[in-house]
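An overview of the molecular structure
So you can see what is in the structure, the chains are spelled out below.
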Amino acid sequence: MRGDDTPGGTPEGDAGGRARIDADDLPDGLVATDPDGVILMVNRAAERLTGVTRRAAVGRLIGDVLPLRDQDGRDWWKWLDPHGGLRTRSRQPERPLHLPGRQELLVAARFVREPARGGEVERVVITLRDASARARVERSRADLVSTVAHELRSPLTSVKGFTATLLAKWERLTDAQKLVMLETVNADADRVTRLITELLDVSRIESGRVEIHRQVVDVPARARRIIAGRVAAGEPEDRFRLEVLGELPETWLDQDKIDQVLGNLVENAVRHGRGTVTIVVEPVEWGVAVSVRDQGEGVAPELVDRVFRQFWRGNGRRRGGTGLGLFIVKGLVEAHGGTISVQRAPGGGAEFRFTLPTGTPDFA
Ligand SMILES: Nc1ncnc2c1ncn2[C@@H]1O[C@H](COP(=O)(O)OP(=O)(O)OP(=O)(O)O)[C@@H](O)[C@H]1O
Ligand SMILES: [Mg+2]
């Protein structure tokens, strides 16, 4: 190892063309001690993770320099006890530990014995890993819980407010007022139901439990149906266009999920975009590609990665979405073995394009 010639950090010999590996090049922290806990080496990542320099550490007792403790405050080194235990003991699995006043570290140890099986412990090699990635996951889970709670609370607050008003002032309200309130309650109840359905989809996607039930699906026919649904709901017919380019292969897909993907993308194009919404279906080498284009502002290149994340919404916040739509769309496309991306549409606006492999029947 650079800086001090201590065992443990010695590079692999490069005889036979093997690459030299320097302990300082390792992404994880590495500390080696003798069986009494005298520190023999500390690599650069370990210096960074512990805040203790090599100079301050080497030659001193690990219990003094790196007093690692578990959640209950127990002294890890004492507990590790290299001299004690069975002679066959060779390693201590990774566990989260703390240094006073510092971030959590994931620490594992290995006993190097001489002879290797059943001999005395010669050295203890300790690895240290940053636990902040794990902490980040936990934080994002906490964020998720608070977002969900918030999203559920606003419609429920309105349901509660209007029902309370209706009950308290029933006699004094006009029919028209009652109607408006009941319509709002109805719409808010739908919103809660939709959010819960979406959350269940998200959880299925995240745990890899999306089940695809394949059948022959006529993709242009599904797109036509989605458009017809929007027109029936009152949108002008000339806002939508469907183009089928070339001969499409037979595709085995999950029809409900394809409807969900198309429905979400068309809804986004209408709600977040502007102008004509064009759906293009075309054959690709191993399946079909579907593009949903609009003529709105599009998605800025720096936001491209973000739009597919859970709960991310740009100006969507003003437009009443929850920001789960595209996360689910991506999950459903990927569950089919496909891919999705977003770019600038030829005439400006956003173009969401996904490809789906032709697939085979479930029983094949
Ligand atoms: N066609 C589009 N044009 C411009 N921006 C878009 C378009 N589609 C999506 N976006 C942006 O991406 C964000 C995330 O979209 P997503 O569908 O995941 O959520 P949402 O539409 O806001 O809510 P939800 O779909 O859950 O009701 C939107 O809030 C919007 O800012
Ligand atoms: Mg959406």
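Computed from a prediction, not measured in an experiment: that's the story for all the values here. (Residues numbered from 1 in each chain as written. Chains lettered and ligands numbered in written order. Predicted model: local features only at pLDDT ≥ 70, side-chain atom pairs only at ≥ 80, totals over all residues. Heavy atoms only, no water.)

Contact geometry for helix H6 (residues 175-206) and helix H9 (residues 325-335): axes closest at 10 Å, N-to-C directions at 45°. Between H6 and H9, the angle falls in the class oblique. Remark: the crossing between H6 and H9 carries left-handed chirality. Residue-level contacts link Glu198, Asp201, Val202, Ile205 and Glu206 of H6 to Phe327, Ile328, Gly331 and Leu332 of H9. (Axes fitted to C-alpha atoms, helices over the stretch in contact; angles between N-to-C directions. Helix = DSSP H or I, 4+ residues; strand = E, 2+ residues; numbered from the N terminus. Parallel < 35°, antiparallel > 145°, perpendicular 65-115°, else oblique. Left-handed = near helix turned anticlockwise from the far one by under 90°. Contact = heavy atoms within 4.5 Å.)

Let's shift gears to the packing of aromatic side chains. Under the definition given, this model contains one aromatic pair. Ring centres of phenylalanine 308 and phenylalanine 352 lie 6.1 Å apart, and the angle between their planes is 80°; this geometry places the pair in the edge-to-face category. Of this pair, phenylalanine 308 sits in the loop between strand E10 (287-293) and H9 while phenylalanine 352 sits in strand E12 (residues 350-357), and the two are 44 residues apart along the sequence. Sitting over the ring of tryptophan 170, lysine 178 keeps its end group 3.9 Å from the ring centre. (Phe/Tyr/Trp six-rings, centres within 6.5 Å; stacked < 30°, edge-to-face > 60°. Lys NZ or Arg CZ within 6 Å of the ring centre and 35° of its normal.)

Glutamate 114 connects to proline 115 through a cis peptide bond whose omega is -10°. Relative to the helices and strands, proline 115 resides in the loop between strand E4 (104-114) and strand E5 (120-130). With a phi angle near 45°, aspartate 81 is a residue other than glycine that sits in the positive phi range. Along the chain, aspartate 81 turns up in the loop between helix H4 (76-80) and strand E3 (91-98). A positive phi angle, near 65°, is found at phenylalanine 311, a position not held by glycine. By relative accessible area, which is 13% here, phenylalanine 311 ends up buried. (Buried < 20%, exposed > 50% of the residue type's maximum accessible area, 1.4 Å probe, protein only.)

Time to look at the sheet that holds E10. If you walk across this open sheet you meet the five strands as E7-E9-E10-E12-E11, and the pairing is mixed. Edge positions in the open sheet fall to strand E7 (240-244) and strand E11 (339-344), since each of these has one partner strand only. Looking at each pair of strands side by side, their axes are set apart by 15° on average, direction ignored. Examined bridge by bridge, E7 and strand E9 (residues 277-284) share five bridges and lie parallel to one another. By the bridge assignment, valine 244 is partnered in E9 with valine 281. Taken strand by strand, helix H7 (residues 219-232) contacts E7, E9 and E10, and its axis lies near 175° from that of E7. (Pairing = 2+ DSSP bridges.)

The next subject is the site of ligand 1. Ligand 1 sits among 23 residues. The nearest are Asn268, His272, Asp294, Thr322 and Leu326. Within the contact set of ligand 1, an oxygen atom lies 2.9 Å away from a side-chain nitrogen or oxygen of threonine 322. Contact between ligand 1 and leucine 324: an oxygen atom at 2.9 Å from a main-chain N or O atom of the residue. Bound to the protein, ligand 1 loses 96% of the 590 Å² it would expose on its own. Put simply, the parts of the chain that give the shell around ligand 1 at least two residues each are H6, helix H8 (255-272), H9 and E12. Partitioning the shell around ligand 1 into residue classes produces eight nonpolar, 10 polar and five charged. (Near = heavy atom within 4 Å. Polar contact = N/O pair within 3.5 Å; in protein donor to acceptor, adjacent residues only side chain to side chain. Areas by Shrake-Rupley, 256 points an atom, 1.4 Å probe, with all protein chains shown as cover. Nonpolar A, V, L, I, M, F, W, Y, C, P; charged D, E, K, R; others polar.)

Moving on, we get to the domain arrangement of the protein. You can read the domains of the protein as domain 1 (25-131), domain 2 (134-207) and domain 3 (215-357). Here the C-alpha centroids of domain 1 and domain 3 sit 53 Å apart. (Domains from an automatic or database assignment.)

As enumerated under the stated definition, the model contains 20 salt bridges in all. Of the charged contacts, one joins arginine 129 and glutamate 94 as a salt bridge, the two residues approaching to 2.7 Å between their closest N and O atoms. Of the two residues, arginine 129 sits in strand E5 while glutamate 94 sits in strand E3, which places them 35 residues apart along the sequence. Look at glutamate 94 and you get partly exposed, because its relative accessible area is 37%. Connected via shared salt-bridge partners are Asp24, Arg44, Glu47 and Arg54. (Salt bridge = Lys/Arg side-chain N within 4 Å of Asp/Glu carboxyl O.)

With 38 residues, helix H5 (residues 132-169) extends 54 Å from end C-alpha to end C-alpha; this agrees with the ideal 56 Å at 1.5 Å per step. All buried positions along H5 are accounted for by Ser132, Val148, Glu151, Pro155, Ser158, Val159 and Leu166. Packed against the buried residues of H5 are E5 and H6. (Expected span 1.5 Å × (residues − 1).)

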